[in-house]
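# Chain and residue survey
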Amino acid sequence: METTFVGRHVEIAQVARLMRESRLVTLTGLGGVGKSRLAHRVVEESVAEFPDGLWLVELACLTDPHLLPETVADVMGLADQPARRRAEVLAEWLGPRRSLLVLDTCEHLVEAVASLVDTLLRAAPRLRVLVTGRQPLGAPGEHVYSVPPLPVEDAVVLLRERAGLAAPPDGSGEEGGAAELAELCQGLDRIPLAIELAAVQLRTLPPTVLLRRLNDRYHLLTGDGGPVRHGSLRAAMGWSHELCTPAERLLWARLSVFASGFDLEAAEYVCAGGPLPAGQVLEALTGLADKSLLQREEHPTGVRLRMLDTVREFGAEWLSRLGEDSAVRGRHRDHYLRLARRCATEWPGRQVEWYGRIRAERRNLRKVFELCLADPQWSRAGLDLAGTLWFLWVCCGMSREGRHHLETALRADPGPGPERLRALWVCAWVAALQGDLAAARERLDQCRAEDPEGSVTGHVLQVEGMLSLLRRDHARAVELLEEAMAWHMAKGGVLSGLLPCHALAALGLLAAGRPAEAVETLSEGQALCEVHGEEWSRAQMEYVFAWAGHVEGEASGALRHARSALASALGFEDLSLSAACVEMIAWAVTEEGDAGGGAWLLGVAQAVRDSLGLPRSGSGIFAPVREQTLTQAVKVLGGAGFDTLFAEGQGSDLGIAVKYALGEKIS
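Below is a short write-up of the structure. (Residues numbered from 1 in each chain as written. Predicted model: local features only at pLDDT ≥ 70, side-chain atom pairs only at ≥ 80, totals over all residues. Heavy atoms only, no water.)

With that settled, the discussion passes to the overall build of the chain. When helices and strands are tallied, the chain shows 33 helices and 7 strands. Compactness check: the chain gives a C-alpha radius of gyration of 28 Å against a globular reference of 26 Å for 667 residues, within 12% of the reference. Overall, the C-alpha framework of the chain stretches about 90 × 65 × 45 Å when taken along its three principal axes. Here the chain, with 667 residues, has 55% of them falling under the buried criterion. Looking at the chain alone, contacts between residues at least 24 apart form 71% of all its contacts between residues at least 6 apart. (Helix = DSSP H or I, 4+ residues; strand = E, 2+ residues; numbered from the N terminus. Rg over C-alpha atoms; globule rule 2.2 N^0.38 Å. Buried < 20%, exposed > 50% of the residue type's maximum accessible area, 1.4 Å probe, protein only. Contact = heavy atoms within 4.5 Å.)

Structural data, given as structure tokens:
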């Protein structure tokens, strides 16, 4: 539930001033003091100062430091450039931009964050970085700002607002009097989160009762001499805990295993059991949300819930005391393994829907990988998960993260088996997509050596065909891919084998100067896509169809297929393919006599490429499409006329530009 922001006017002004004076500012302070909300507020009021971009990256649930650059690049929407390190892409892209990067909750990743920030600040002289955490980074040029508790006046306002108390006319003589509330806020050390949790208590108890209970603030939490940290916050947590029903307390503890947000299905599977039947989970979730212990978020895939970090930490301590860590973490792991397998099974026909859902669960999936690879008994499950999610690594722009998980899982479990064979050929496929041909070849050789019965021969041939295509040995590529297609056809391996082979083989045939055969191969593949409800491969084939039209000089056919590919690419948020489609559409409309529209669309495509950090000239065998369009448009419009329309396209609204590219009416 969205709440108003109270106070902090002095702090906002101070942090804003520091950001103008220092390129790296770190907000430190104990948990619950409001570092994140202060950072968010400063960002809201600083938007105009950073015209080239402002990004907020939440890192609380990221545990693997190797994925830090990946996480930052994802928030910025940068495309994966396989041949280059993410940190290098980030540095180059941010270089000329006057922008702000906010890295929120970094105390568990201090070394990795310090290294990345130093790299980015050296490369991007106009970049500012705002960090929040419970300790400084220790990076060069860092200015540390310790976030203080709220001033007592603001603390009272916050308490009143969250408790739903009206301000009394004279500030005294009643249970909601300002003096008593001020004393209560002082007893809570004026920590915002502690005050918000205490506010729930004020709905049923007067301030005098809560004040008396402060004298026993540690009893619930420390028992017989347990650790004491941030006593007032933990006292407020304890009050909230006491206010909860037994079912809500148990659910709070069990929910702490989630790395980020979760939905009702996940909560029921992971947290139900014993004294908490599945049928009571929804009621307990509602109770926790009413007590401000859970936050509700609207998401394209449905309603999701999440806990603040300090609330999660408290729940994790209680889970440990209950002795349920292993069991509940095991159910968390099992749920997401089950979800991945279900996604793989239902991928045909529901690809865009599953794409959105799996992306929403990325942090929880990362935690599952971490749990599996930390326990030798579960390393095979981690290997299975890495291979099962092949469509995520290959189809959804996550090749770098997928490669990381695949390589880690392969090292953790070197034993033979079908899970390892699948992980090997998937890893080879992903490495090939990244342009790491040597690594792809190495994994293929391993796969072949460990597969004497030839159970994955078709996938090996498929990736070998891709490698030949990338090496421009088109005849050999077509030969290998046709062998792979025959194998997949015999074995029934459609989604991960047969359909991708159709698109690759058609590319090889086009490059080899055999367009008629390429179109025939694409037509066969499209028919299979229709039967199996395959959208991702269909989008790839539609673009290859458009390229075939370009090769043959058939602008109308190229335009139709490029628009179809663009519509599908947008469903997967594949902006790289979208840019290529827009360039193909620009070529087609230019050929049909609309050179002005072609120039404008080239500007749109360039804006998309720039936003993704992609090379300005396009990539690979498709770059000539852009160059031919540019040459023809300049010939018709003249250099100045082209530059004007190109610049207009670059500055256009992307939504309007997409509608124009798709041939829709623009109101």
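Once the structure has been displayed, the description carries forward.
Let us look at the packing of helix α26 (residues 494-511) against helix α28 (residues 536-552). Their axes nearest at 9 Å, the elements α26 and α28 cross at an angle of 15°. As summarised for this structure, α26 and α28 are arranged roughly parallel, according to the angle between their axes. Helix-helix and strand crossings are classified by hand; for α26 and α28 the assignment is left-handed. Of α28, the residues touching α26 (which contributes Leu 499, Pro 500, His 502, Ala 503, Ala 506, Leu 507, Leu 510 and Ala 511) are Ser 537, Gln 540, Met 541, Val 544, Trp 547 and Ala 548. Class assignment for the residues of the contact of α26 with α28 results in 11 nonpolar, 3 polar and no charged. (Axes fitted to C-alpha atoms, helices over the stretch in contact; angles between N-to-C directions. Parallel < 35°, antiparallel > 145°, perpendicular 65-115°, else oblique. Left-handed = near helix turned anticlockwise from the far one by under 90°. Nonpolar A, V, L, I, M, F, W, Y, C, P; charged D, E, K, R; others polar.)

Right, let's get into the layout of surface pockets. One number sums up the size of the second largest pocket: a volume of about 580 Å³. Residue lining of the second largest pocket: 25 residues in total, with His 66, Pro 69, Arg 85, Arg 86 and Arg 400 positioned closest to the centre. In terms of residues, the lining of the second largest pocket owes the most to one element, helix α21 (residues 399-412), which gives 6 residues. A breakdown of the residues in the lining of the second largest pocket according to their chemical character gives 9 nonpolar, 7 polar and 9 charged. (1 Å grid on protein atoms, 1.4 Å probe; cavity = no way out; pocket = protein on both sides within 12 Å on 5 of 7 lines; lining within 4 Å. Points joined across faces, edges and corners; volume = space filled by probe spheres on them.)

The next subject is the packing of aromatic side chains. How two aromatic rings sit relative to each other is given by the distance of their centres and the angle of their planes. The full count for this structure, using the stated rule, is 14 aromatic pairs. Both rings, one in Trp 390 and one in Phe 391, keep their centres 5.9 Å apart while their planes meet at 85°; by these two values the pair is edge-to-face. In this pair, the class of Trp 390 matches that of Phe 391, namely buried. A network of ring pairs unites the aromatic residues Trp 347, Tyr 355, Trp 390, Phe 391, Trp 425, Trp 429 and Phe 572 as a single cluster. When the ring centre of Trp 93 is taken as origin, the NZ or CZ atom of Arg 97, which lies over that ring, is 4.0 Å away. Against the face of Trp 378 rests Arg 333, its NZ or CZ located 3.1 Å from the ring centre. (Phe/Tyr/Trp six-rings, centres within 6.5 Å; stacked < 30°, edge-to-face > 60°. Lys NZ or Arg CZ within 6 Å of the ring centre and 35° of its normal.)

In this section: the pairing of strand β7 (residues 302-306). For a regular strand, side chains alternate in direction, first toward one face of the sheet and then toward the other. Note: strand β6 (residues 295-299) against β7, 5 bridges, orientation antiparallel. Its bridge partner being in β7, Glu 297 is matched across the sheet by Arg 304. Between the antiparallel neighbours β6 and β7 lie 2 residues. (Pairing = 2+ DSSP bridges.)

Our next topic: the side chain of Glu 361. Positionally, Glu 361 belongs in the loop between α17 (351-360) and α18 (362-374). Engagement of the side chain of Glu 361 in a polar contact is seen with the side chain of Arg 304, the distance being 3.0 Å. Within the structure, Glu 361 has its side chain in polar contact with the side chain of Tyr 336 (distance 3.1 Å). With residues up to four places along the chain from it excluded, the contact list for Glu 361 reads Gly 261, Asp 263, Arg 304, Tyr 336 and Leu 339. (Polar contact = N/O pair within 3.5 Å; in protein donor to acceptor, adjacent residues only side chain to side chain.)

Moving on: the side chain of Ser 578. Within the secondary structure layout, Ser 578 lies in helix α30 (residues 575-591). In this structure Ser 578 touches Leu 566, Ala 569 and Leu 570, once residues within four positions along its chain are discounted.

Moving on, we get to the pattern of salt bridges. Taken as a whole and judged by the stated rule, the model has 46 salt bridges. The salt bridge partner of Asp 384 is Arg 341, with a shortest N-O separation of 2.8 Å. Placement of Asp 384 in helix α19 (residues 379-388) and of Arg 341 in helix α16 (residues 325-346) is noted, with a sequence separation of 43 residues between them. Since its relative accessible area comes to 15%, Asp 384 is described here as buried. Given a relative accessible area of 40%, Arg 341 falls into the partly exposed group. Ionic pairing is found between Arg 403 and Glu 407, a salt bridge with its closest N-O pair at 3.0 Å. Linking Arg 403 with Glu 407, this pair stays in helix α21, spanning 4 residues, or about one helical turn. Through salt bridges that share partners, Glu 70, Asp 74, Arg 86, Arg 362, Arg 366, Arg 400 and Glu 401 make up one connected network. (Salt bridge = Lys/Arg side-chain N within 4 Å of Asp/Glu carboxyl O.)

Turning our attention to unusual backbone geometry. If you check the backbone angles, Thr 105 has positive phi at about 70° while not being a glycine. Within the secondary structure layout, Thr 105 lies in the loop between β3 (99-104) and α5 (110-123). The backbone of Asp 189 shows a phi angle near 60°, a positive value even though the residue is not glycine. One can find Asp 189 in the loop between α7 (178-187) and α8 (192-201). We classify Asp 189 as partly exposed; its relative accessible area is 35%.

All right, on to the sheet that holds strand β5 (residues 142-146) then. One open sheet accounts for 5 strands, arranged β2-β3-β4-β1-β5; its pairing is parallel. Lying at the two open borders of the sheet, with one neighbouring strand each, are β2 (54-58) and β5. In this sheet, adjacent strand axes meet at a mean angle of 15° when their direction is disregarded. Where strand β1 (residues 24-28) meets β5, 5 bridges bridge the pair, whose relative direction is parallel. When the sheet's bridge partners are listed, Leu 27 is paired in β5 with Tyr 145. With respect to the sheet, helix α1 (residues 9-21) is in contact with β1, β3, β4 (127-133) and β5, its orientation differing from that of β5 by roughly 175°.

Before going further, it helps to spend a moment on empty space enclosed by the protein. Applying the stated criterion across every chain yields a total of 3 cavities of 30 Å³ or more. Approximately 50 Å³ is the volume found for the second largest cavity. Leu 566, Leu 570, Leu 575, Ser 578, Ala 579, Val 582, Val 604, Val 608, Leu 654 and Val 658 together form the lining of the second largest cavity. Only α29 (555-571), α30, α31 (595-612) and α33 (654-661) provide two or more residues apiece to the lining of the second largest cavity. Examining the composition of the lining of the second largest cavity, we find that 4 residues originate from one element, α30, more than from any other.

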